[in-house]
Amino acid sequence: MNNKSTKHTKVLILGSGPAGYTAAIYAARAMLKPILVHGSQPGGQLTTTTDVENYPGYSKVIQGPWLMDEMKGQAEAVGTEMIQDHINKVELTNKPFKAVGDSGQIYTADTIIISTGAQARWLNLESEQNFRGFGVSACATCDGFFFKDKEVAVVGGGNAAVEEAMFLTKFASKVKLIHRRNELRAEKMLQEKLKSNNKIEIIWDSVVEEVLGTNKPKGVNALKIKNIKDNKIRELKVDGLFIAIGHDPATSLFKEQLKMDEEGYLITKPDSTETNIPGVFAAGDVKDKIFRQAVTAAGMGCMSALEAEKYISSLN
């Protein structure tokens, strides 16, 4: 048995993106002395985002990793205890709630704020990862602006892919939607809109084999795509590639304990971050598959801390 003592806190925050850090800032300023547990790469999806132009408060372009470092520093400055550990088990049936880390450390808490986020699904090509943030993106609302009057490609066939393609026509001169099947999964109304947009061309029965580009300056200039019916490979000239094949919320820890939808996103009460267990809150992409923005995640982080504070005072 590991002899590490149990650490108790009023507020235990799991995850370290804008939602977790903002929750920590509010909880710490409410004198709740929160503990925030983060993994080996704190900061969430924003740490893989280079230029951020849509986070309010900065008139000049800022860098995603820098913004996360600032939020982390702010949370620490107001009194958050940051611990690097990997939580492998949570018990939410009894009070206080309990979480167990790989380190052997046991954390108990009056409230838990879950802000473990989500990961975009990638094609898992080496070339794609090489150009991630340099022409390859998983978020059109974040990065579409950088492709004014350029040609871009979107991979996917569901609602997200169609919406991303439509959104990108605001900036790009041409959008090519690459789909591995010969029909889309997206809602019919969206498909009609897509097909009536003359900036969009659909490339059916095709997969991306490789992302091509230059290293100095670093950027994408073409894709190798393969037609899966005849195995023919061709080059497609594009300046950017958007991957829209879905996201996976980091919620496997909470299966069988918290209510989630069929995709694994945590379900919270309307206008609230509270889950089906009172005292357990969820903020950011772990519960939001609609907006997925840093600013909305931060907003939910604030809500969760305020709700946790209210819940704690109701206990006393």
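If you're wondering where the values come from, they're calculated on a predicted model, not measured in any experiment. (Residues numbered from 1 in each chain as written. Predicted model: local features only at pLDDT ≥ 70, side-chain atom pairs only at ≥ 80, totals over all residues. Heavy atoms only, no water.)

1. Describing helix α7 (residues 294-315)
The line we're drawing: The helix and strand labels rest on DSSP assignments: H or I over at least four residues marks a helix, E over at least two residues marks a strand, and numbering proceeds from the N terminus. Residue count minus one, scaled by 1.5 Å, sets the expected span of a helix. Note on classification: 1.4 Å probe, protein chains only; a residue is buried when its accessible area is under 20% of the maximum for its type, exposed when over 50%, partly exposed between these limits. Contacts were defined at the residue level, with two residues in contact if any of their heavy atoms lie within 4.5 Å.
If you check α7, its first and last C-alpha atoms are 32 Å apart, about what 22 residues at 1.5 Å a residue would give, namely 32 Å. Three or more residues of α7 are buried, namely A294, A297, A298, M300, G301, C302, S304, A305, A308, Y311 and I312. Looking at the packing, one finds that the buried side of α7 touches β1 (6-14), α1 (18-29), β8 (106-114) and β19 (280-282).

2. Concerning the layout of surface pockets
Just so we agree on the cut-off: The pocket and cavity definitions rest on a 1 Å grid over protein atoms only: a 1.4 Å probe that fits but cannot leave marks a cavity, an open set with protein on both sides within 12 Å along at least five of seven lines marks a pocket, and residues lining either have an atom within 4 Å of a point. Grid points are joined across faces, edges and corners, and a volume is the space filled by probe spheres set on the points. Amino acids are sorted into nonpolar (Ala, Val, Leu, Ile, Met, Phe, Trp, Tyr, Cys and Pro), charged (Asp, Glu, Lys and Arg) and polar (every other residue, Gly among them).
Reported here for the second largest pocket is a volume of approximately 280 Å³. Along the walls of the second largest pocket sit 16 residues, with L123, V155, R180, V207 and I245 positioned nearest its centre. Top contributing element to the lining of the second largest pocket by residue count: strand β14 (residues 206-215), with four residues. Looking at the lining of the second largest pocket residue by residue, the class counts come to seven nonpolar, four polar and five charged.

3. Digging into the side chain of T268
What counts, and what does not: Here a polar contact means two N or O atoms within 3.5 Å. Within protein one must be a hydrogen donor candidate and the other an acceptor candidate, and residues neighboring in sequence count only if both atoms are side-chain atoms.
Mapped onto the elements, T268 comes out in the loop between β18 (247-249) and β19. Of the polar contacts made by the side chain of T268, one reaches the backbone oxygen of S272; its length is 3.2 Å. A polar atom in the side chain of T268 sits 2.8 Å from the side chain of K287. Filtering out sequence-adjacent residues up to four positions away, T268 remains in contact with T273, E274, T275, A282 and K287.

4. Overview of the pattern of salt bridges
This is how the line gets drawn: Each reported salt bridge corresponds to a side-chain nitrogen of Lys or Arg within 4 Å of a carboxyl oxygen of Asp or Glu.
The full count for this structure, using the stated rule, is 12 salt bridges. One salt bridge connects D248 with R121, and the closest N-O pair in it is separated by 2.9 Å. Of the two residues, D248 sits in strand β18 while R121 sits in the loop between β9 (118-120) and α3 (126-130), which places them 127 residues apart along the sequence. The partner of K289 in a salt bridge is D261, and the shortest N-O contact between them spans 2.6 Å. Of the two residues, K289 is situated in the loop between β19 and α7 and D261 in the loop between β18 and β19; the sequence distance between them amounts to 28 residues.

5. Description of the packing of aromatic side chains
Our working definition: Whether two aromatic rings pair depends on their centres lying within 6.5 Å, for rings of Phe, Tyr and Trp, where Trp uses its six-membered ring; planes under 30 degrees apart make the pair stacked, over 60 edge-to-face, and the rest tilted. The criterion is that NZ of a Lys, or CZ of an Arg, lies within 6 Å of the ring centre and within 35 degrees of the ring normal, and then a charge sits over that ring.
The final tally for this structure, using the stated rule, is six aromatic pairs. Between the aromatic rings of Y58 and W66, the centroid separation amounts to 5.7 Å while the plane-to-plane angle is 85°, which identifies the pairing as edge-to-face. For W66, a relative accessible area of 37% gives the class partly exposed. Among the aromatic side chains, those forming a connected cluster through ring pairs are F145, F146, F167 and F171. Above the ring of F131, the side-chain terminus of K218 is found at 5.9 Å from the ring centroid.

6. Comments concerning the sheet that holds β14
Quick reminder of the rule: Strands qualify as paired when DSSP identifies two bridges or more between them. Fitted lines through C-alpha atoms give the axes, limited to the stretch in contact for helices. The angle between two N-to-C directions lies from 0 to 180 degrees.
Reading across from one edge, β14-β15-β16 is the order of the three strands in this open sheet, with antiparallel pairing throughout. The sheet terminates laterally at β14 and β16 (233-237), the two strands that pair on one side only. For this sheet, the mean inter-axis angle between neighbouring strands, taken without regard to orientation, is 30°. As paired strands, strand β15 (residues 218-227) and β16 are joined by five bridges and run antiparallel to one another. Directly across from L223, in β16, lies its bridge partner L236.

7. Things to note about the sheet that holds strand β12 (residues 174-178)
Taken in spatial order, the five strands of this open sheet run β10-β17-β11-β12-β13, and their pairing is parallel. A strand with exactly one partner marks an edge of an open sheet, and here the two such strands are β10 (136-137) and β13 (200-203). Direction of pairing for strand β11 (residues 151-155) relative to β12: parallel, over a ladder of five bridges. Considered in β12, the bridge of V152 is made with V175.

8. Here we look at the side chain of T111
Positionally, T111 belongs in strand β8. By relative accessible area, which is 0% here, T111 ends up buried. Within the structure, T111 has its side chain in polar contact with the backbone oxygen of K10 (distance 2.8 Å).

9. Side note on unusual backbone geometry
With omega at -10°, the peptide bond leading from K95 into P96 counts as cis. The step from K216 to P217 runs through a cis peptide bond, and the omega angle for that step is -10°. When you line up the elements, P217 lands in the loop between β14 and β15. In this structure, D271 is a non-glycine residue whose phi angle is positive, near 55°. With respect to the helices and strands, the residue D271 is situated in the loop between β18 and β19. Its identity is not glycine, yet R292 carries a phi of approximately 50°, on the positive side. With respect to the helices and strands, R292 occurs in the loop between β19 and α7.

10. Describing the state of the cysteines
The criterion, for reference: Disulfides are defined as pairs of cysteine sulfur atoms found within 2.5 Å of each other.
Summed over all chains, the structure comprises one disulfide. A disulfide bridge connects C139 with C142, and the sulfur atoms are separated by 2.0 Å. Disulfide C139-C142: torsion about the S-S bond near 75°, hence right-handed.

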